[in-house]
Amino acid sequence: MTAPAGRFTAEVEAALDAAAALLADAGALLVCAGAGMGVDSGLPDFRGDAGFWRAYPPYERLGLSFVELADPVHFHDDPALAWGFYGHRLGLYRATVPHEGFAVLRRWGARLPGGLHVFTSNVDGQFQRAGIDAVAEVHGSIHHLQCAGPCDGRIWPADGVEVDVDPDTMRARGPLPRCPSCGDLARPNILMFGDGSWLSGRTDATLRSCSSWLDTVAGPSGDGPLAVVEIGAGTAVPTVRRTAESLADGRLIRINPAEPAIRPGAGVSVPLGSLCALTSIDARL
């Protein structure tokens, strides 16, 4: 929801006004999003071991961190453990309704002549659920699978895949997803830590599409300046922040309640959560 009038400091009000001015003058919009984008939908952002264990208490009892679990080796050494973690997340993301901020971004893109593209490190598919199709998922998507081997380069949708997870042990029970080519174990088409078997073909295609779009909107026949809205992207894995900074050309709107710092002249820092910031900017447009 939008914050009540008078709730913000004068500095934040000025930042919201400046962000709205950048968007009002824009011809195209690039959204660069990290895990903080989904927090207002109820999704965890796994900020450090403490944040991860708050979301998944069984793993604290087991002494397992996010980095340890998000490792492709478990699909070979302990498939029930690996699919317990990713199967639960698949069910969680399917059941999550994107917050109103996603709809705000979709409306902004629809009114701009150059449209909207998204560059995100998130694997949850929330932008697509919100009706935004032009999405480059740099770390892949949990809604697509590949062979754990892999035996070939095939990537396929996870539609219809259901994984039964024991909530006490966080281990998968029953049949696990299999590769349709060779019959061996399948895994999510997500770039994990130390991952030498991730198939990047689907992600590469979306990145090429985003790059072609950027060349068009930034070229001499473009429809006006590009605005870059960066949302919930931290410094621990700086891919999204660096991409946003490199493309913004001084027209960056950084929305981040925890790490809002921005280089002088790079754009506008809005130290708020995604939903509050987006709806507050939208009210000014």
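Structure shown above.
What you are looking at is a predicted structure, and each value in this text was computed from that prediction instead of being measured.

Help me out: how do you make sense of the overall build of the chain in this one?
Scanning the chain from terminus to terminus reveals 11 helices and 11 strands. Whereas a compact globule of 285 residues would reach a radius of gyration of roughly 19 Å, the chain reaches 20 Å, a difference of no more than 12%. Across its three principal axes, the chain shows a C-alpha extent of roughly 55 × 40 × 30 Å. Counting over 285 residues, the chain shows a buried share of 51%. In the chain, the proportion of contacts linking residues at least 24 apart, taken out of those at least 6 apart, comes to 66%. Split by element, the accessible area of the chain, about 12500 Å² in all, is 54% carbon and sulfur. Side chains of the chain carry 23 positive and 32 negative charges; the gap between the two charge centres is 2 Å.

Explain the packing of helix α1 (residues 10-24) against helix α11 (residues 274-284) here, please?
Two quantities define a packed helix pair, namely the angle between the helix axes and the distance between the axes. For the pair α1 and α11, the least separation of the axes is 9 Å and the interaxial angle reads 65°. As judged from the angle between their axes, α1 and α11 are roughly perpendicular. For α1 against α11, the interelement crossing comes out right-handed. On α11, the residues that touch E13, L16, D17, A19, A20 and L23 of α1 are A277, S280, I281 and R284. Classifying every residue of the contact of α1 with α11 by side-chain character gives 6 nonpolar, 1 polar and 3 charged.

What exactly am I supposed to notice about the packing of helix α7 (residues 100-111) against α11 here?
Two numbers describe how α7 lies on α11: the axes approach to 8 Å, and their chain directions differ by 40°. The angle between α7 and α11 falls in the class oblique. Crossing geometry of α7 relative to α11 is assigned as left-handed. Judged by residue contacts, E100, G101, V104, L105, R107 and W108 of α7 engage L275, L278, T279, I281 and D282 from α11. Of the residues contributing to the contact of α7 with α11, the split by class is 6 nonpolar, 2 polar and 3 charged.

The rules behind each value
Position numbers for residues start from 1 in each chain and track the written sequence from start to end. Local features are withheld for residues below a pLDDT of 70 in this predicted model, meaning they are given only at 70 or higher, and side-chain atom pairs are given and counted only at 80 or more; totals for whole chains, interfaces and linings count all residues. Values shown for side chains rest on all heavy atoms present in the structure; no hydrogens or waters enter the calculation. Runs of E in the DSSP output that reach at least two residues are strands. Runs of H or I that reach at least four are helices, and both are numbered from the N terminus. Here the radius of gyration uses the C-alpha set of atoms, whereas the globule reference equals 2.2 Å times the residue count to the power 0.38. Throughout, exposure labels follow a simple rule: accessible area from a 1.4 Å probe, protein chains only, divided by the maximum for the residue type, with under 20% read as buried, over 50% as exposed, and the rest as partly exposed. Throughout, a contact is declared for two residues whenever any of their heavy atoms are within 4.5 Å. A 1.4 Å probe and the Shrake-Rupley method give the accessible areas. Residues count as covered only by the protein chains that appear here. Only four residue types enter the charge count, namely Lys and Arg as positive and Asp and Glu as negative; His and the chain termini do not. A charge is said to be at NZ when it belongs to Lys, at CZ for Arg, at CG for Asp and at CD for Glu. Only C-alpha atoms enter the line fits that serve as axes; for helices the fit covers just the stretch in contact. Angles between N-to-C directions range over 0 to 180 degrees. Throughout this description, any angle smaller than 35 degrees is read as roughly parallel, any larger than 145 degrees as roughly antiparallel, any in the 65 to 115 degree range as roughly perpendicular, and the remainder as oblique. By definition, any crossing whose near helix is turned counterclockwise from its far helix by less than a right angle is left-handed, and any crossing with a clockwise turn is right-handed. Each residue is assigned to one class: nonpolar for Ala, Val, Leu, Ile, Met, Phe, Trp, Tyr, Cys and Pro, charged for Asp, Glu, Lys and Arg, and polar for all the others, Gly among them.

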